[in-house]
Structures are given as structure tokens and as C-alpha cells.
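Listed below, chain by chain, are the residues.
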Amino acid sequence: MASFPPRVNEKEIDGSYFAWSQGRRTVKLVPWSQCLQNFLLHGTKNVTNSSSLRLPRQNSDGGQKNKPREHIIDCGDIVWSLAFGSSVPEKQSRCVNIEWHRFRFGQDQLLLATGLNNGRIKIWDVYTGKLLLNLVDHTEVVRDLTFAPDGSLILVSASRDKTLRVWDLKDDGNMMKVLRGHQNWVYSCAFSPDSSMLCSVGASKAVVAAILV
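Since the structure is predicted, the reported quantities are computational estimates derived from the model, not experimental observations.

What counts and how
Residues numbered from 1 in each chain as written. Predicted model: local features only at pLDDT ≥ 70, side-chain atom pairs only at ≥ 80, totals over all residues. Heavy atoms only, no water. Phe/Tyr/Trp six-rings, centres within 6.5 Å; stacked < 30°, edge-to-face > 60°. Buried < 20%, exposed > 50% of the residue type's maximum accessible area, 1.4 Å probe, protein only. Helix = DSSP H or I, 4+ residues; strand = E, 2+ residues; numbered from the N terminus. Contact = heavy atoms within 4.5 Å. Pairing = 2+ DSSP bridges. Axes fitted to C-alpha atoms, helices over the stretch in contact; angles between N-to-C directions.

Peer 1: How should I be thinking about the packing of aromatic side chains in this particular structure?
Peer 2: Both the distance between ring centres and the angle between the ring planes are used here to describe each pair of aromatic rings. What the rule picks out here adds up to three aromatic pairs. Both rings, one in phenylalanine 18 and one in tryptophan 20, keep their centres 5.4 Å apart while their planes meet at 55 degrees; by these two values the pair is tilted. Given the relative accessible area of 25%, tryptophan 20 is considered partly exposed. Seen in terms of ring centroids, tryptophan 185 and tyrosine 187 are 6.5 Å apart; in terms of plane orientation they differ by 85 degrees. Their pairing is edge-to-face.

Here it is in C-alpha cells:
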């Protein structure tokens, strides 16, 4: 019987979340502030200053904006990869409104991409747990996912079908490019800090770099 390692990913963006899948078809989303409160409750030694914990940002009227809630998502197949994405650039604290062709998101939108055993990629709204997009083009397991750090909502997927695919989530998940430099399975991919380059690692210690702009 094949074994599937646990997949874990986390993202800090105002109302922070922690996500993981234990090699099954479900993903659990937990507010990061809730995790920290549990650590404090059980006396975690590494947490020394509770006043420094980052909590969800508040509106001017004092109410919490997009108050984080725990969700369990059924992805329909074994989950191999996870990635968080946002319209907020990683180096900026301000929020940017993004208009989609089919969706219009408000500020602080946070998405979760899940790469599945059947080659599909599903995009979820982290705050509600609702399925937004179902991306279908890979023919094998999606081993890794990464969002561009510039807030453009460009997603790259790496697969056992020996390709990487570039998706524009602002354009209803339109697939922009297929990158075919690998001769074997592609295991992992990552953007450069300015989102202009992509580096990927595959079987047989192959490393491929691509310029995306």
C-alpha cells in the first residue's frame, strides 16, 4: 500500500490560517490565532509574550474583519500539495481589491489551492470553505503548488506528468503557460522574490529555471 506523507502549509496575512492534510482527501483549516491560544493554554514554553501575538485586523468600529473560523474541506481525492494565495503582496501590508471575471472579492481575500492525486487543482475560499475553481489539465499527481508573492494571484503547479503549469486566477483560472523542461516527475517549484523567475526541482536531481516576465 502506498503511503502519503502529511501535507502542511500555513500563511500569515492579518487573520492568519494554518492548513494541513494527513495524506487523505480532507484539509483542515484552523485560524493561527486559535492555534496560538491553544499553545498558551497548555503552557507552551516557547511562547513568552502573549501581547506580541498577531490577531485579525479590526475595522474602525472595533469589529473583527473576516473573523477567522475553522473549516474542514473535502477535496474529493487524496491531497498532495497545499498553497495559500492572496491579492495582498507579501511585502505590503495594505490590501488591494481584485475584480474577477466571475467573482468579485473584497479586501483581505485569502485562497487555498489544493493539488490532488487525480491531477486536479481546487481553489477554495479560506474564510468560508467554499469551492471557487476547479482547474483541470494535469494528467498525473500535482506534487507542489506556489503562488507568486506579488499579489497577482498567479499560481504555478508541478506534476508527475513532467510539466509545470501557470494559472491566472484573476482570469477565472485560465491556464497561461505549460513549462516542459523536465524529463521526469516534477517535485517542487518556487518563485523568486520579485515573481519574475520560477525554479523547479524534479527527479534525477534536475533543476530548471524559467523567466516568466
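Peer 1: In this structure, what is going on with the side chain of threonine 146? I would like to understand it.
Peer 2: As for its placement among the helices and strands, threonine 146 is situated in strand E11 (residues 142–147). A residue is classified by how much of its surface remains accessible, and threonine 146, at 13% relative accessible area, is buried. Setting aside residues up to four positions removed in sequence, threonine 146 forms contacts with Ala83, Ile154, Leu155, Val156, Cys189, Ala190, Phe191 and Leu198.

Peer 1: Can you walk me through the sheet that holds strand E15 (residues 186–191) in this structure?
Peer 2: Working definition: the strands of a sheet are paired by backbone hydrogen bonds and lie parallel or antiparallel to each other. An order of E15-E16-E17 is seen for the three strands of this open sheet, with the pairing classed as antiparallel. Two strands close off the open sheet at either side, each with one partner strand: E15 and strand E17 (207–211). Within the sheet, the average angular offset between the axes of one strand and its neighbour, ignoring direction, is 20 degrees.

Peer 1: How should I be thinking about unusual backbone geometry in this particular structure?
Peer 2: What is expected of a backbone is that most residues other than glycine have negative phi and most peptide bonds are trans. The backbone of leucine 153 shows a phi angle near 60 degrees, a positive value even though the residue is not glycine. For leucine 153, the location among the structural elements is in the loop between E11 and strand E12 (154–159). Residue classification places leucine 153 among the buried residues on the basis of a relative accessible area of 4%. A positive phi angle, close to 70 degrees, is found at serine 195, a residue other than glycine. Relative to the assigned elements, serine 195 resides in the loop between E15 and strand E16 (197–202).

Take it as geometry only, folks, not as evidence of what the structure does.
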